[in-house]
Amino acid sequence: MHLAFSSMNTLNDPHPAELARALEERGFESLWYGEHSHIPCSRNTPYPPGGEMPAPYHNMMDPYLSLMTAANATSSLKLGTGIALLMERDIFSQAKTIATLDRLSGGRVIIGTGVGWNREEFENVNPHPFDKRYAVLRETVAATRALWSEHEAGFQGEYIRFDPVWANPKPLQTGGPKIFMGTMGPLGRKHAAAWADGWYPVDVAMGDVAQSVAAFREEVRAAGRNPDEVEINIQIMDTANLDKLKQYRDLGIARATIGVAMDLWDQPDAMMPMIDRYARVIPELS
């Protein structure tokens with residue numbers, strides 16, 4: 001099992017080049033950055049974990065520029081979005097941005113995506129109904145894969161439509177980077193099982209993790225796919241329990257992603273001690 005690190009990617013975090021070098025030197029497999037292009041000042045959507053939305057959400061940098069900076073500072077560290085809001089950007093520009101990052105990084109990109117939780121943010125940039133966002137995301141991913149793989153790429157869905165276009169460069173990875181679906185609920189998990197390259201859940205919201213993983217793999221089979229070909233990247237929230245890593249490894253989970261606790265998001269000095277502590281167990285996870 002690989003060990004990865006995720007960050008809110010604000011100016012208060014370590015510089016992406018500095019963080020990436022530290023992770024690569026210590027044996028981490030990948031670095032994951034989240035995305036919010038903006039946060040509406042007037043918002044009725046409640047923050048999913050409850051309470052007030054943490055202040056770092058107001059200050060997130062662009063994930064792709066930060067990941068390109070991380071790529072330039074490293075040679076093998078993989079570069080993930082955890083998660084990118086693919087429905088909130090122009091599809092052509094976004095496909096080119098990701099393809100360019102994959103090319104310039106030597107094929108190291110992984111895309112984690114999801115439908116997002118902030119209705120007002122979604123509606124500011126997407127003309128489609130918020131309650132149809134899972135279907136919109138499915139088509140967005142399918143259309144993006146077409147742009148990444150077809151010489152003259154067109155797409156005719158219910159929500160995403162365009163006549164054939166030339167969209168270059170293509171990603172270095174054939175067919176484009178793997179796309180993980182970051183979701184917790186039954187509808188999102190069903191979508192992940194049906195069309196995503198991987199599932200990216202948060203462990204504390206899974207209940208019994210072993211049962212949840214087994215249920216997901218059954219859903220993959222029901223969708224006519226091989227569960228061995230659909231990776232699971234699990235986000236760990238209880239970062240004090242190192243034994244969880246071995247438990248997740250034994251479940252066949254491909255990657256565990258750690259990050260500092262929510263109440264430490266504005267404390268950059270908390271990152272390196274945590275990274276050093278977890279680095280010591282990486283050899284046991286291989």
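Above this note sits the structure.
What counts as what
- Residues numbered from 1 in each chain as written.
- Predicted model: local features only at pLDDT ≥ 70, side-chain atom pairs only at ≥ 80, totals over all residues.
- Heavy atoms only, no water.
- Helix = DSSP H or I, 4+ residues; strand = E, 2+ residues; numbered from the N terminus.
- Rg over C-alpha atoms; globule rule 2.2 N^0.38 Å.
- Buried < 20%, exposed > 50% of the residue type's maximum accessible area, 1.4 Å probe, protein only.
- Contact = heavy atoms within 4.5 Å.
- Areas by Shrake-Rupley, 256 points an atom, 1.4 Å probe, with all protein chains shown as cover.
- Lys, Arg positive; Asp, Glu negative; His and termini not counted.
- Charge placed at Lys NZ, Arg CZ, Asp CG, Glu CD.
- Pairing = 2+ DSSP bridges.
- Right-handed = clockwise from strand over helix to strand, strands pointing away.
- Phe/Tyr/Trp six-rings, centres within 6.5 Å; stacked < 30°, edge-to-face > 60°.

Draft legend 1. Layout of the overall build of the chain. Secondary structure summary: the chain contains 10 helices and 10 strands in total. The globule rule puts the C-alpha radius of gyration for 286 residues at 19 Å, and the 18 Å found for the chain is close to it. Expressed along its principal axes, the backbone C-alpha trace of the chain runs to roughly 50 × 40 × 40 Å. Looking at the chain residue by residue over its 286 residues, the buried ones come to 53%. Of all intrachain contacts in the chain linking residues separated by at least 6 positions in sequence, the fraction that spans at least 24 positions is 70%. Carbon and sulfur atoms provide 50% of the accessible area of the chain, an area that totals close to 13000 Å². Across the chain, the mean location of the 27 positive side-chain charges is 4 Å away from that of the 36 negative side-chain charges.

Draft legend 2. Focus on the pairing of strand β2 (residues 30-33). Of the two faces of β2, the one lined by Ser30 and Trp32 and the one lined by Leu31 and Tyr33 are each fully buried. Pairing of strand β1 (residues 2-7) with β2 involves four bridges; the strand directions are parallel. Counterpart to Ser7 in the pairing with β2 is Tyr33. The β-α-β motif built from β1, the intervening helix α1 (residues 16-25) and the parallel element β2 has right-handed crossover chirality. Relative to strand β3 (residues 78-84), β2 is paired through four bridges, and the arrangement is parallel. Bridging from a neighbouring strand, Trp32 pairs with Gly80 of β3. Taking the sense of rotation as the criterion, the β-α-β connection linking β2, helix α2 (residues 63-72) and β3 turns out right-handed.

Draft legend 3. Expanded view of the packing of aromatic side chains. Counted according to the given criterion, the structure contains eight aromatic pairs. Judged by centre distance (5.2 Å) and plane angle (70 degrees), the rings of Trp32 and Tyr200 are edge-to-face. With Trp32 in strand β2 and Tyr200 in the loop between β8 (198-199) and α7 (209-222), this residue pair connects regions lying 168 residues apart in the sequence. On the basis of an interplanar angle of 75 degrees and a centroid distance of 5.5 Å, the ring pair of Tyr47 and Trp117 is categorised as edge-to-face. Here Tyr47, found in the loop between β2 and α2, pairs with Trp117, found in the loop between β4 (109-113) and α4 (119-125); they are 70 residues apart in sequence, far enough to count as distant. Judged by relative accessible area, Tyr47 falls into the buried class, the value being 6%. Among the aromatic residues, those joined into a ring-pair cluster are Trp32, Phe180 and Tyr200.

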